[in-house]
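# Tertiary structure, described
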4 protein chains.
Amino acid sequence: MFLRIQPSSSDPLFEQIVFGVKRAVASGELAAGERLDSVRDLAKQLAINPNTVAKAYAELESQGVIVRRQGAGCFVAERSSPLSDRERNKRLSQLVERLVIEAFHLDFSPPEIRAAVLARLDLHASDQGTSP
Amino acid sequence: MFLRIQPSSSDPLFEQIVFGVKRAVASGELAAGERLDSVRDLAKQLAINPNTVAKAYAELESQGVIVRRQGAGCFVAERSSPLSDRERNKRLSQLVERLVIEAFHLDFSPPEIRAAVLARLDLHASDQGTSP
Amino acid sequence: MFLRIQPSSSDPLFEQIVFGVKRAVASGELAAGERLDSVRDLAKQLAINPNTVAKAYAELESQGVIVRRQGAGCFVAERSSPLSDRERNKRLSQLVERLVIEAFHLDFSPPEIRAAVLARLDLHASDQGTSP
Amino acid sequence: MFLRIQPSSSDPLFEQIVFGVKRAVASGELAAGERLDSVRDLAKQLAINPNTVAKAYAELESQGVIVRRQGAGCFVAERSSPLSDRERNKRLSQLVERLVIEAFHLDFSPPEIRAAVLARLDLHASDQGTSP
DNA sequence: GTGGTCTAGACCACA
DNA sequence: GTGGTCTAGACCACC
C-alpha cells in the first residue's frame, strides 16, 4: 500500500493517513473490496505508533470508506457515503465554498479556479462564460 | 459586521471567525480599507472571550487579509498575495485535491463536482452535469 | 537550547524568543529537523508563562521557521521562503534601509557600516574601513 | 517637509514619522540646522492627531536627531549621537545582526546581503571574498 | 508526554 | 477608545 507521510507537515499523522487512503481509493489505486495493510504492518512501514494507525482506520470506518471484518482485517468499502442527499449537498457546498474563498485570498481569479478544477477532473474548460 | 459562530462545531472559534471574515472580504461585503468591528465589540456580540477574537485577528493579519493598527482598529488590507507563484499554485492544487477527493467520497461524480464549482463561481458549464 | 531573555527589555518576551530561535537556526546551532525544547520546558527554563512560549512558537511557525506537530513537539523547518522574489527583495531593502539610516544617526560612516556588515558575514572588504 | 505616511502599515504612526524624519536627515533632504514643520502644521498635513506628531518629535529629540528651541520650533541637530563608542558599537552590531538573520530567513545568501548593502551605500562590491 | 483552545483578568502602548 | 502583552489555569487532541 503506497502511503507517503510527511513528518515536515503540521497535519496530524492520523489525518495524513486518512487522507492518503481516501486519495488512493479515489484514484483507483485501492479498489473496492481490496484489503488494506494491517494496523501493525502499516505502523511498522511508517515507523509510527500503532495507536495512530488504529485511530486513522477507525476514522475511515466511521466515514464509510473502509469496513473492518473481525479477524480478517480492513477492506475498502463498496460505496462510501451513507449520508442523506441533503447532507451530501451541504457538505459539497462547504467544500466548494472553502476552495473558492481560500483561492480568492491567494489572488486567483474565478477562471483560474475553474481551470484548476477542470484540469484536476480531466475535463476541458470551454472559454465561453469567462466573464469575471 | 455579520458573523455567525457555532460553539457546537468542532472547528475552533477563532478559525470560524477567520473564515467568516475571509468570506466577507471575498464576497465584497467587507471592502478594502474598511474597518472591522473592534476586538471587544465582536467578542461582546459573539459572547466569547476578547482574547479569542484577538487571536483570530492576529491570524488574519499574518495571512495578509487585514492590518491591525494600535489605537485605531483593524482594517481590510489591499489585496495582493506576497507568496511566490510556485507556492500559490501548490496551495491551489492542494485545495482542489482536497475538494475532489472528499467530494468523491461523498459519491459525487466529476461532472457534479464541476457543476457545483461553476455554479459557485457564477460561470456556466458548456456540458451541464447534475446540479448540486 | 540556549536562549537568554531580558525581562527588562522593552522588546516583548515572545519576540525575544522568536529572534533567539531564528538566530540559533541561522547560526546552525539548531539544524533543520532538530527538535526544540517543549513549550512547557522552555517556559520553566525562562521562568515565564507557557502561553508566552506558545505564542512565540506559533509566530515562528507562521514565519516558516519551525513546524509544530501535536503530541510530537516543535521542529526546525526545512529552509525555503514561500515568498515571491518581489516580496523578498522588498523586505531585504527595508532591512538594509533601516540599518543604514539608524547607523547614520549613530554617526557611523558608510565605510564603517560596510565593514561591520562584511565582518559579520565573514567576508573581507577590498577597501577596509574602520572596523567596529 | 516631505513625509509619506502609510495608513496601510501596521507600524505605529509616530514611529513612521520618526523614521521618516531620520531618513530625510540621512539623505540630506533635511540639513543640519534646518527647521522642521511645526507639530500643528505637520498634523494638519498628515491629517492626524497633533499628539501623535508631538510624541514623534519628543522621540526624535530624545534620540538627539532634533533640538527644540522654546518658541522657535524644532531644528535638525548638528550631530546626533550623544552615546559612548561602546554603546554605539553595540547598537551597530545589533542592527547588523538583525539584518543578517532576517535576511537569512528570507533565503538570501551572504553575498546577496553584501551586495544589497553595498548598493544602498553607493559603494561597489568586489567579487573577491565571495566564498559562502 | 506533546501542542491547541479558551477563559479571565491585569496592565501597557497608541491615537 | 483602540490593539498588545503577559499571566494563570482549565480542558481537549495527538502520539
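Anything mentioned here points back to the structure above.
In short, a report on the structure. (Residues numbered from 1 in each chain as written. Chains lettered and ligands numbered in written order. Predicted model: local features only at pLDDT ≥ 70, side-chain atom pairs only at ≥ 80, totals over all residues. Heavy atoms only, no water.)

## Here's the deal with the overall build of chain A
- When helices and strands are tallied, chain A shows five helices and two strands.
- Across chain A, helices and strands are ordered from the amino to the carboxyl terminus as α-α-α-β-β-α-α.
- The C-alpha radius of gyration of chain A comes to 18 Å, more than 25% above the 14 Å expected for a compact globule of 132 residues.
- With the C-alpha coordinates aligned to their principal axes, the bounding extent of chain A is approximately 55 × 35 × 25 Å.
- Counting all 132 residues of chain A, 40% fall into the buried class.
- For chain A, long-range pairs separated by at least 24 residues make up 43% of all intrachain contacts whose partners lie at least 6 apart in sequence.
- Summed over all atoms, the accessible surface of chain A reaches about 7400 Å², with 48% contributed by carbon and sulfur.
- Once the 17 positive and 17 negative side-chain charges of chain A are each reduced to a mean point, those two points are 7 Å apart. (Helix = DSSP H or I, 4+ residues; strand = E, 2+ residues; numbered from the N terminus. Rg over C-alpha atoms; globule rule 2.2 N^0.38 Å. Buried < 20%, exposed > 50% of the residue type's maximum accessible area, 1.4 Å probe, protein only. Contact = heavy atoms within 4.5 Å. Areas by Shrake-Rupley, 256 points an atom, 1.4 Å probe, with all protein chains shown as cover. Lys, Arg positive; Asp, Glu negative; His and termini not counted. Charge placed at Lys NZ, Arg CZ, Asp CG, Glu CD.)

## So, the pairing of strand β2 (residues 73–76) of chain A
All names here are of chain A.
- In this structure, strand β1 (residues 66–69) lies alongside β2, joined through four bridges in antiparallel fashion. Its bridge partner lying in β2, valine 67 is registered against phenylalanine 75.
- What sits between β1 and β2 in their antiparallel hairpin is a turn of three residues, with glycine 71 showing a positive phi close to 80 degrees. (Pairing = 2+ DSSP bridges.)

## Thoughts on the packing of helix α2 (residues 39–46) of chain B against helix α3 (residues 50–62) of chain B
Residues and elements named next belong to chain B.
- In contact at an axis separation of 8 Å, α2 and α3 are set at 120 degrees when each is read in the N-to-C sense. When the interaxial angle is binned, α2 and α3 end up oblique. Where α2 crosses over α3, the two elements pack in a sense that is right-handed. Mapping the contact onto sequence places Val39, Leu42 and Ala43 in α2 and Pro50, Val53, Ala54 and Tyr57 in α3.
- In terms of residue class, the contact of α2 with α3 is made up of seven nonpolar, no polar and no charged. (Axes fitted to C-alpha atoms, helices over the stretch in contact; angles between N-to-C directions. Parallel < 35°, antiparallel > 145°, perpendicular 65-115°, else oblique. Left-handed = near helix turned anticlockwise from the far one by under 90°. Nonpolar A, V, L, I, M, F, W, Y, C, P; charged D, E, K, R; others polar.)

## What to know about the interface of chain A and chain B
- Counting residues at the interface gives 42 residues for chain A and 40 residues for chain B.
- Each partner contributes to the roughly 4400 Å² buried at the junction of chain A and chain B, and carbon and sulfur atoms together form 70% of this total.
- When the buried area of chain A at its contact with chain B is split by residue, Leu92, His105 and Leu106 of chain A rank highest and sum to 14% of it.
- Where chain A meets chain B, there are seven salt bridges.
- Here chain A is connected to chain B by 13 residue pairs in polar contact (both at pLDDT 80 or more).
- Listed by contribution, the elements that provide at least two residues to the side of chain A that touches chain B are α1 (13–27), α4 (85–105) and α5 (110–120) of chain A.
- No other element matches the 15 residues that α4 of chain A contributes to the side of chain A that touches chain B.
- For the side of chain A that touches chain B, the residue count by class is 23 nonpolar, eight polar and eleven charged. (Buried area = accessible area lost by both parts, 1.4 Å probe. Salt bridge = Lys/Arg side-chain N within 4 Å of Asp/Glu carboxyl O. Polar contact = N/O pair within 3.5 Å; in protein donor to acceptor, adjacent residues only side chain to side chain.)

## Concerning the nonpolar core
- Counting 48 residues, the largest nonpolar core has Leu99 of chain A, Leu99 of chain B, Leu99 of chain C together with Leu99 of chain D as its most contacted members.
- Elements that contribute at least two residues to this core include exactly α4 and α5 of chain A, α4 (85–104) and α5 (110–121) of chain B, α4 (85–104) and α5 (110–120) of chain C together with α4 (85–104) and α5 (110–120) of chain D.
- Apart from the residues within four sequence positions on either side, leucine 99 of chain D is in contact with Leu92, Leu95, Val96 and Leu99 of chain C together with Ile113 and Val117 of chain D. (Core = buried A, V, L, I, M, F, W, Y, C linked by side-chain atoms within 4.5 Å.)

## Quick notes on unusual backbone geometry
- A positive phi angle, near 60 degrees, is found at alanine 47 of chain A, a position not held by glycine.
- Positionally, alanine 47 of chain A belongs in the loop between α2 (39–46) and α3 (50–62).
- In this structure, aspartate 107 of chain D takes a positive phi of about 70 degrees despite not being glycine.
- The topology assignment puts aspartate 107 of chain D in the loop between α4 and α5.

## Description of the relation of the copies chain D and chain C
- Rotating chain D by 178 degrees about the axis while translating it 0.1 Å along that axis superimposes it on chain C, leaving an RMSD of 0.6 Å. Both copies of the chain, as the preceding transformation shows, are related through a two-fold rotation axis.
- Counting the interface residues of chain D, we find that 93% of their copies in chain C are interface residues as well, pointing to one common contact surface. (Least-squares fit on C-alpha atoms with pLDDT ≥ 70 in both.)

## Structural notes on the protein's contact with DNA strand F
- As a matter of local geometry, DNA strand F sits amid 25 residues, with Leu13 and Lys55 of chain A together with Leu13, Asn51 and Thr52 of chain C nearest to it.
- Among the atoms of DNA strand F lying within 4 Å of the protein, the sugar-phosphate backbone contributes 69%.
- Interatomic distance of 3.4 Å between a backbone N/O atom of phenylalanine 14 of chain A and a phosphate oxygen of DNA strand F.
- Its residues placed into classes, the surface near DNA strand F shows nine nonpolar, ten polar and six charged. (Near = heavy atom within 4 Å.)

Geometry only, nothing functional implied.
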